[in-house]
Amino acid sequence: MGATQEPLLLRVAKGEQADRTPVWMMRQAGRYMKVYRDLRDKYPSFRERSENAALAIEISLQPWHAFQPDGVIMFSDILTPLPGIGIPFDIVENKGPAIDPPLRTQEQIDKLHPLDPESALPFVKKTLQTLRQEVGNESTVLGFVGSPWTLAAYAVEGKSSKNYAIIKKMAFSEPEILHKLLSKLAEAIATYVRFQIDSGAQIVQLFDSWAGQLSPQDYDTFALPYQQYIVRRVKETHPDTPLILYISGSAGVLERMGQSGVDIISVDWTVDMANARKRLGSEMKVQGNMDPGALFGSQDFIRDRILDTIKKAGPTGHIFNLGHGVLPGTPEDNVRFFFETAKQANKLLTFA
């Protein structure tokens, strides 16, 4: 690889042909790795680990040093920018995020202010800049953000939810209040994506994790327009930076995800990859979509699943990944095998 050539994953994300399918994993830095658990024991606060640049850099690079993935994603959280607009949060170990008090009134939403990432998120800049220096052109540095519906769901519910009853009540009985919140979040996230790119992110992934809980018609009202707004704003200033959209449980809204304007759709494992490519059309690039649970299987089983997914996706326009984050307790040897096998997969396959 020439010194100035862009890294493999970035080239594929931009639509170029490559000699193999690039591979990284969602949540590849985290609890399944012993080095991460050891560091967590020393620094028990999640926010300290993600908002102290030195720690976030170290954690982001743990899987890079261990497995050499084609993508190195910044260790952070989708809620990270919220305090910068006036929504404080905490992350409780093994319980998840807590926002107290939750946002339930017009008055609370009116008090939110625009995001100034330079002052609110200096650690993000430092983390991304350093990751770019560390991996050079050997890997692609990814940033990520939460999309407005998902961030609003956390803010309104106050925590993770099984049925999203509180935000859906707001959506269906006081939609104007929710739209005000979604608009403010979209503006802040567009600013945050641009900031991540300016700081060194070569690709940014949007997580609208909870949008799969919406009916298609409600997705069109409360999720899609705000995804489109962010993409439009980012493309105005950074037209060449690929954007990825991921939604958990997205089988029912897959084609709608394609209308968001992003360059790549990350497909969860509930959709057959060949079917996803057909539904999204040949122009749309895809990411995914092996079931993270498959990494608890034998190595023969893992190999078969990897080859099946990459064959179904085809030789172009595909970034291999899991259909969700790698699970805690996944054997590290199986993660190593996943990366080694994926990097060899194109040599083992004949594409029709």
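That block above? That's the structure.
Residues numbered from 1 in each chain as written. Predicted model: local features only at pLDDT ≥ 70, side-chain atom pairs only at ≥ 80, totals over all residues. Heavy atoms only, no water.

*Asks:* I would appreciate a short explanation of the overall build of the protein in the present structure.
*Replies:* Regarding its fold elements, the protein presents 16 helices and 9 strands. Its C-alpha radius of gyration of 19 Å places the protein within 12% of the 20 Å reference for a compact globule of 352 residues. For the protein, the spread of C-alpha atoms along the three principal axes comes to 60 × 45 × 40 Å. Expressed as a percentage of its 352 residues, the buried residues of the protein come to 56%. (Helix = DSSP H or I, 4+ residues; strand = E, 2+ residues; numbered from the N terminus. Rg over C-alpha atoms; globule rule 2.2 N^0.38 Å. Buried < 20%, exposed > 50% of the residue type's maximum accessible area, 1.4 Å probe, protein only.)

*Asks:* When you look at the sheet that holds strand 9 (residues 318-322) in this model, what are you seeing that I'm missing?
*Replies:* Within a sheet, each strand pairs with its neighbour through backbone hydrogen bonds, oriented either parallel or antiparallel. Taken in spatial order, the 7 strands line up as 1-4-5-6-7-8-9 in an open sheet, and their pairing is parallel. Every interior strand has two partners, whereas the edge strands, strand 1 (71-73) and strand 9, have only one. On average, each strand axis in the sheet is tilted by 25° relative to the strand beside it, whichever way the strands run. Direction of pairing for strand 7 (residues 264-267) relative to strand 8 (residues 285-290): parallel, over a ladder of 4 bridges. Residue pairing for strand 8: Ser 266 is matched across the bridge by Gln 287. Running over the sheet, helix 14 (residues 273-280) touches strand 7, strand 8 and strand 9 and is turned about 155° from strand 8. (Pairing = 2+ DSSP bridges. Axes fitted to C-alpha atoms, helices over the stretch in contact; angles between N-to-C directions. Contact = heavy atoms within 4.5 Å.)

*Asks:* Explanation requested: the nonpolar core in the structure shown.
*Replies:* For soluble globular proteins, the rule of thumb is that nonpolar side chains tend to be buried together. Of all hydrophobic cores here, the largest spans 124 residues; its most connected members are Leu 178, Tyr 219 and Phe 338. Tallying contributions element by element places helix 10 (residues 175-199) first for this core, with 12 residues. When neighbours within four sequence positions are excluded, Tyr 219 is seen to be in contact with Ala 211, Leu 214, Leu 224, Pro 225, Gln 227, Leu 245, Ile 247, Val 253, Arg 256 and Met 257. (Core = buried A, V, L, I, M, F, W, Y, C linked by side-chain atoms within 4.5 Å.)

*Asks:* Would you mind going over the packing of helix 2 (residues 34-42) against helix 4 (residues 53-67) with me for this structure?
*Replies:* What describes two packed helices is the angle between their axes and the distance between those same axes. Helix 4 packs onto helix 2 with a crossing angle of 160° between their chain directions and a minimal axis gap of 9 Å. The pairing of helix 2 with helix 4 is recorded here as roughly antiparallel in orientation. When you trace helix 2 past helix 4, the crossing you get is left-handed. On helix 4, the residues that touch Val 35, Tyr 36 and Leu 39 of helix 2 are Leu 55, Glu 58, Ile 59 and Gln 62. (Parallel < 35°, antiparallel > 145°, perpendicular 65-115°, else oblique. Left-handed = near helix turned anticlockwise from the far one by under 90°.)

*Asks:* Any chance you could explain the environment of Val 262 here in plain terms?
*Replies:* Within the secondary structure layout, Val 262 lies in the loop between helix 13 (254-258) and strand 7. Along the chain, Val 262 and Lys 285 lie 23 residues apart, while their C-alpha atoms are 9.4 Å from each other. Residues contacting Val 262, with those up to four places away along its chain left out, are Val 231, Leu 243, Ile 244, Leu 245, Met 257 and Met 284.

*Asks:* Would you mind showing me how to read the pairing of strand 5 (residues 203-207) here?
*Replies:* Looking along a regular strand, one sees the side chains alternate between the two faces of the sheet. With 5 of its 5 residues buried, strand 5 lies for the most part within the structure. What you see with strand 5 is no split at all: Ile 203, Gln 205 and Phe 207 on one side and Val 204 and Leu 206 on the other are buried throughout. Taken together, the 5 bridges between strand 4 (residues 140-146) and strand 5 define a ladder with parallel strand orientation. The residue bridging Leu 142 from the neighbouring strand is Ile 203, located in strand 5. Note that strand 5 and strand 6 (residues 243-246) share 4 bridges and pair parallel. When the bridges of strand 6 are listed, Gln 205 appears paired with Ile 244.

*Asks:* When you look at the packing of aromatic side chains in this model, what are you seeing that I'm missing?
*Replies:* Two numbers describe a pair of aromatic rings. These are the distance of the centres and the angle of the planes. What the rule picks out here adds up to 11 aromatic pairs. Seen from their ring centres, Tyr 164 and Trp 210 are 4.7 Å apart, and the 70° between their planes marks the pair as edge-to-face. Highlighted residues: Tyr 164 in the loop between helix 8 (148-157) and helix 9 (165-173) and Trp 210 in the loop between strand 5 and helix 11 (216-222), separated in sequence by 46 residues. Accessibility assignment for this pair places Tyr 164 and Trp 210 in one class, buried. Every member of this aromatic cluster is reached through a ring pair, and the members are Phe 67, Phe 320, Phe 338 and Phe 339. Over the ring of Phe 89 we find Arg 47; its NZ or CZ atom is 4.2 Å from the centre of that ring. (Phe/Tyr/Trp six-rings, centres within 6.5 Å; stacked < 30°, edge-to-face > 60°. Lys NZ or Arg CZ within 6 Å of the ring centre and 35° of its normal.)

*Asks:* I would appreciate a short explanation of helix 8 in the present structure.
*Replies:* The periodicity of an α-helix, 3.6 residues per turn, causes residues three or four positions apart to be oriented the same way. Summarising burial for helix 8: 10 of the 10 residues are buried, a large majority. Every buried residue of helix 8 is accounted for by Pro 148, Trp 149, Thr 150, Leu 151, Ala 152, Ala 153, Tyr 154, Ala 155, Val 156 and Glu 157. Immediately beyond the C-terminal end of helix 8, within one or two residues, lies Gly 158, with a positive phi of roughly 90°.

*Asks:* Sorry if this is basic, but what is going on with the pattern of salt bridges here?
*Replies:* Opposite charge on two side chains allows them to pair when their charged atoms are near. Overall, the coordinates contain 16 salt bridges when judged by the stated rule. Residue Lys 14 pairs with Glu 6 through a salt bridge whose shortest N-O separation is 2.9 Å. With relative accessibility at 29%, the residue Glu 6 sits in the partly exposed group. In the salt-bridge network here, residues are joined through shared partners; they are Glu 187, Arg 194, Arg 233 and Glu 236. (Salt bridge = Lys/Arg side-chain N within 4 Å of Asp/Glu carboxyl O.)

*Asks:* Explanation requested: the pairing of strand 7 in the structure shown.
*Replies:* Alternating positions in strand 7 separate into two faces, Ile 264 and Ser 266 on one and Ile 265 and Val 267 on the other, with burial throughout. When strand 6 meets strand 7, the two strands line up parallel, connected through 3 bridges. Residue pairing across strands places Ile 244 opposite Ile 264, the latter belonging to strand 7. Handedness of the β-α-β unit built from strand 7, helix 14 and strand 8 comes out right-handed. (Right-handed = clockwise from strand over helix to strand, strands pointing away.)

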